[in-house]
Amino acid sequence: MAISGGLLLVFVITSVINATLVGDVVNASFQFSTDYFGAFWQVLMLLTFLIALFIAFSKNGKVKLGDLDKPEMSTFKWISIIMCTLLAGGGVFWAAAEPMYHFLTTPPMYDDVSAGTSEAVVPALTQSFLDWGFLAWAILGTLSAIVLMYGHFNKGMPLKPRTLLYPIFGEKIMKKSVFGTMVDAFSIIAVAAGTIGPIGFLGLQAAYGMDVLFGVPNTFLTQLIIIFGLIAIASISAVTGVHRGIQILSRFNIIFTFILIVLVLLLGPGAFIFDSFIGSFGVYMRDFFVNSLYRGDGEWLSFWTIFFWGWFIGYGPMMAIFISRISRGRTIRELVTAVAIIAPIVTNFWFSVVGGSGIFYELKNAGSVSDPLNEGGMPAAMIAIVEQIPFGTALAAAFLLVTVVFVATTSDSMSYTISMAVTGGGNPSSVLRVFWAVIMGAVAAVLLFIGEGSIDALQSFIVFTAVPVSLILLPMLWLAPRVAGAMARDQGFSPNR
């Protein structure tokens, strides 16, 4: 905890003293990461998904995880927690903005399509589906969760990122291991930075929305109040644990989000949304391998797909801990189906509802969404879209509420998970959970005080932290099939050799 917390503190203090220096260092490290690790990450992401599918739909897919016969919670509650924890960044900040960006500037894989036309709709959504689809979700909790649950529940190892490497190094990585400590520290830094970013962006987006909708001045004080309100919710939820606060918030948000989707489909361009989703998903599947391994335009890739891959990879080990904590009694097939198939499809449809509506209104009235997006950034895109739907002000307020709860769910889940990684147990102390929730909120507030560019710098810093984390996740490609086979033999699904 001292190493990970200390390095984050150094980042913040240095940003206060010399933001320009931090920006230069972060940009250089970002460029290094995308240049030298981008292709590796693309292959790692694709192989993780394919191997997860192979294990899930082989005979080993029947293996029950967590040394428990029945799941601890219902399937709906389980998937709700998974969706809300992992969707916050996409559902809140990118669902409105990314499809519009790709619509206005066609991705290089589809450079024969004229930007800003009806023909650009499918490429725009297809690229968004890739960035938030099967590969993005698979790295967050399939192979790594299988290995971690085996190490923790079957072999009695602590619930720490270093347990991912237990099948290679054995118990020597657990006790006073410098290497094990570094594995834990890098994983905590990556996920803390990845969570602080959305908290900061929430302050920006919610403050912008309150200014537009209710005339509340969009000042640092407003952003600060929003962040501390969020952290209060997250702290209470984290203290009450997985089976109460986190579960209640997740269920509320999934149900409320479903209601919003239905309202948008009924009041907005429902037929356009369905047509765009079906057509774009078909192209996404058709071009899946080509787009996943595209290496043509390095600068564009580093700004989009490789940036997201670094972000998601950084979350990988810690999400494996969280998924392991809530998935006892589930089979490998259930785990992979929920995380790597159901969740991505739901996410893609959500992008079609929000981003597709934006494209529809932009086609109908050029500049109605693109102008606010270019002038006010991502916070402006969602408001510009929703205000064009009947009862737009009420819907925009509802979307702001969903925004807060999405990020609160991620914040409470990650503070809970970091606390588990620090202690190695499934029920860390309430004080530790609140400490990490408050620390992440405080860092986000300080970075906002310095300037919005500091939040952007942190987002780029996330990509650099993914370099060591990706090396931790690489062995999962062969360790997950191995431990799945071992558990299958123990449970009688596979003959002993």
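These remarks concern the structure in this document. Quick caveat: nothing in here was measured; it's all calculated off a predicted structure.

Moving on, we get to the overall build of the protein chain. In terms of helices and strands, the protein chain carries 22 helices and 0 strands. A compact globule built from 497 residues would reach a C-alpha radius of gyration of about 23 Å, and the protein chain, at 21 Å, matches this within 12%. Dimensions of the protein chain, computed from the C-alpha atoms along their principal axes, are close to 65 × 50 × 45 Å. Within the protein chain, the fraction of its 497 residues that count as buried is 62%. With the model as given, the accessible surface of the protein chain reaches about 18000 Å², and the carbon-plus-sulfur share is 66%. Side-chain charges in the protein chain split into 24 positive and 26 negative, and the spacing between the mean points of these groups amounts to 23 Å.

Below, the discussion takes up the packing of aromatic side chains. Counted according to the given criterion, the structure contains 39 aromatic pairs. Between F277 and F349 the ring centres are 5.2 Å apart and the planes differ by 85°, which places this aromatic pair in the edge-to-face class. Highlighted residues: F277 in helix α12 (residues 270-286) and F349 in helix α16 (residues 332-364), separated in sequence by 72 residues. Owing to a relative accessible area of 15%, F277 belongs among the buried residues under this scheme. With relative accessibility at 17%, the residue F349 sits in the buried group. A network of ring pairs unites the aromatic residues W94, Y101, W132, F303, W304, F307, F308, W309, W311, F312 and F351 as a single cluster. Directly above the ring of W78 sits R330, whose terminal nitrogen or CZ lies 4.3 Å from the centroid.

Moving on, we come to unusual backbone geometry. Here the phi dihedral of D67 falls at roughly 55°; this positive angle occurs in a residue that is not glycine. With respect to the helices and strands, the residue D67 is situated in the loop between α2 (19-56) and α3 (75-94). Phi at F391 is positive, roughly 60°, even though this residue is not glycine. Among the secondary structure elements, F391 is positioned in the loop between α18 (378-386) and α19 (392-423). Judged by its relative accessible area of 63%, F391 falls in the exposed class.

This part takes up the nonpolar core. Ranked by size, the top nonpolar core spans 176 residues in total, and within it W41, W94, F308, W309 and I313 carry the most contacts. Setting aside residues up to four positions removed in sequence, I313 forms contacts with W41, L44, M45, I139, A466, V469, S470 and L473.

This next bit is on helix α9 (residues 178-214). In this model, α9 (37 residues) spans 53 Å end to end at C-alpha, consistent with the 54 Å of a helix rising 1.5 Å per residue. By the criterion of burial, α9 is predominantly enclosed, with 27 of the 37 residues buried. Just past α9, the residue G215 takes up positive phi, approximately 75°.

As a further point, take the packing of helix α7 (residues 143-154) against helix α22 (residues 476-490). Helices that pack against each other are described as a pair by the angle of their axes relative to one another and the distance between those axes. The N-to-C vectors of α7 and α22 enclose an angle of 50°; their axes lie 8 Å apart at closest approach. Looking at the two axes, α7 sits oblique to α22. When the axes of α7 and α22 are compared, the crossing they make is left-handed. Facing L143, S144, I146, V147, Y150 and N154 of α7, the residues of α22 in contact are M476, L477, L479, A480, V483, A486 and M487.

Rules of the game
Residues numbered from 1 in each chain as written. Predicted model: local features only at pLDDT ≥ 70, side-chain atom pairs only at ≥ 80, totals over all residues. Heavy atoms only, no water. Helix = DSSP H or I, 4+ residues; strand = E, 2+ residues; numbered from the N terminus. Rg over C-alpha atoms; globule rule 2.2 N^0.38 Å. Buried < 20%, exposed > 50% of the residue type's maximum accessible area, 1.4 Å probe, protein only. Areas by Shrake-Rupley, 256 points an atom, 1.4 Å probe, with all protein chains shown as cover. Lys, Arg positive; Asp, Glu negative; His and termini not counted. Charge placed at Lys NZ, Arg CZ, Asp CG, Glu CD. Phe/Tyr/Trp six-rings, centres within 6.5 Å; stacked < 30°, edge-to-face > 60°. Lys NZ or Arg CZ within 6 Å of the ring centre and 35° of its normal. Core = buried A, V, L, I, M, F, W, Y, C linked by side-chain atoms within 4.5 Å. Contact = heavy atoms within 4.5 Å. Expected span 1.5 Å × (residues − 1). Axes fitted to C-alpha atoms, helices over the stretch in contact; angles between N-to-C directions. Parallel < 35°, antiparallel > 145°, perpendicular 65-115°, else oblique. Left-handed = near helix turned anticlockwise from the far one by under 90°.

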